[in-house]
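# Commentary on secondary and tertiary structure
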Amino acid sequence: MKNIHYLCLLGLILVGSISHAQVSEENIVEERNENEVEDDTKLFHFNLQLKNMHLWKGLHVTDAPMTAADINYTSRNGFFKAGLWGGRGFDGDYTEFDYYVSFMHKGWSLSIWDINNYSDYPDAKIFDYDRSTTSHFIDVILAYQFQKVPLKLSWSTIVQGRDTYLNDDGQLRNAYSNYVEASYVILNESNWSLSGLVGGSWSFAPQDAHFYGDEAGITNIGVIYNRELNVFDKFTLPVSATASWNPVQDYGAIQVAFNLF
């Protein structure tokens with residue numbers, strides 16, 4: 001009888017151990033799944049900016065206050081990024097809706113932007129890519145961020161869309177306007193930084209005019225001040241001020257941007 005009791009007791013212990021192991025394993029699986037879901041949510045981002053105006057590569061896209069929204073997905077290893085970018089002016093005269101993809105590896109980046117600023121195209125169609133009527137243009141940017149020095153070089157070319165010219169036969173052709181830029185971080189402190197940049201533009205087309213101006217030359221000289229603004233000692237608000245001079249267009253401006261989230 002004692003042996004039978006011992007066997008029953010041993011059986012209960014084994015069953016309890018197995019049940020506990022199964023519960024523990026289930027808890028581990030559930031915890032792993034929760035972590036995976038949390039990690040997946042971190043791959044998607046939504047950002048909103050408030051600006052007093054909008055500068056882009058030395059151009060005054062709009063002089064009115066505006067908002068800019070960015071919704072994007074970034075892969076876990078940071079190699080791939082894709083998103084939507086939209087801008088809207090407070091006066092209603094400026095509207096933009098872009099798509100973009102980027103590939104990044106060891107300081108190199110390749111980005112393709114489908115930029116659709118249809119502010120001056122009241123009858124624009126969202127999927128119209130005919131160069132004679134479209135409000136789109138496709139900008140391809142190759143850039144390299146040096147690792148040992150805070151220097152970044154970039155080259156962008158508009159390969160398709162409303163960047164056009166008329167050839168000698170009166171035919172509408174792509175101008176393939178280019179913009180190259182070098183930017184350098186001059187000072188980088190704990191909660192602020194100061195950078196400088198210079199950019200130039202020209203076209204591969206047999207003409208002086210291009211997308212960024214009426215002649216080849218320096219179209220962007222800028223200084224950018226970034227700061228983490230302390231708000232009521234409760235949170236920080238990233239703020240940037242960009243002073244830009246465009247010798248070809250013969251104008252300058254200061255853009256102030258608040259990254260709300």
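Details of the structure are given in the entry above.
Residues numbered from 1 in each chain as written. Predicted model: local features only at pLDDT ≥ 70, side-chain atom pairs only at ≥ 80, totals over all residues. Heavy atoms only, no water.

This next bit is on the nonpolar core. By size, the foremost hydrophobic cluster in this structure holds six residues: L59, I115, F137, I158, Y179 and Y212. When sequence neighbours within four positions are dropped, the list of residues in contact with F137 reads W56, W113, D114, I115, I158, Q160, G161, R162 and F211. One finds M66, W85, Y94 and Y100 within the second-largest nonpolar core, a separate group that totals five residues. (Core = buried A, V, L, I, M, F, W, Y, C linked by side-chain atoms within 4.5 Å. Buried < 20%, exposed > 50% of the residue type's maximum accessible area, 1.4 Å probe, protein only. Contact = heavy atoms within 4.5 Å.)

On to the pairing of strand β14 (residues 217-231), then. Two strands pair when backbone bridges link them, and strand β13 (residues 192-203) and β14 are joined in this way by 10 bridges, in the antiparallel orientation. In the strand pairing of β14, G199 is matched with N220. Bridge count between β14 and strand β15 (residues 235-246): 11 bridges; the pairing is antiparallel. Within β15, the residue paired with Y225 across the bridge is A241. A loop of three residues connects β14 with β15, the two strands running antiparallel in sequence, and F232 in this loop sits at a positive phi of about 55°. (Pairing = 2+ DSSP bridges. Helix = DSSP H or I, 4+ residues; strand = E, 2+ residues; numbered from the N terminus.)

Looking now at the environment of T67. Position of T67 among the secondary structure elements: in strand β4 (residues 66-74). T67 gets classed as partly exposed once you look at its relative accessible area, which sits at 26%. Remark: the alpha-carbon pair of T67 and G86, spanning 19 residues in sequence, is separated by 8.3 Å. Sequence-distant contacts of T67, that is, excluding residues within four places in its chain, are made with L48, Q49, L50, G86, G87, R88 and F90.

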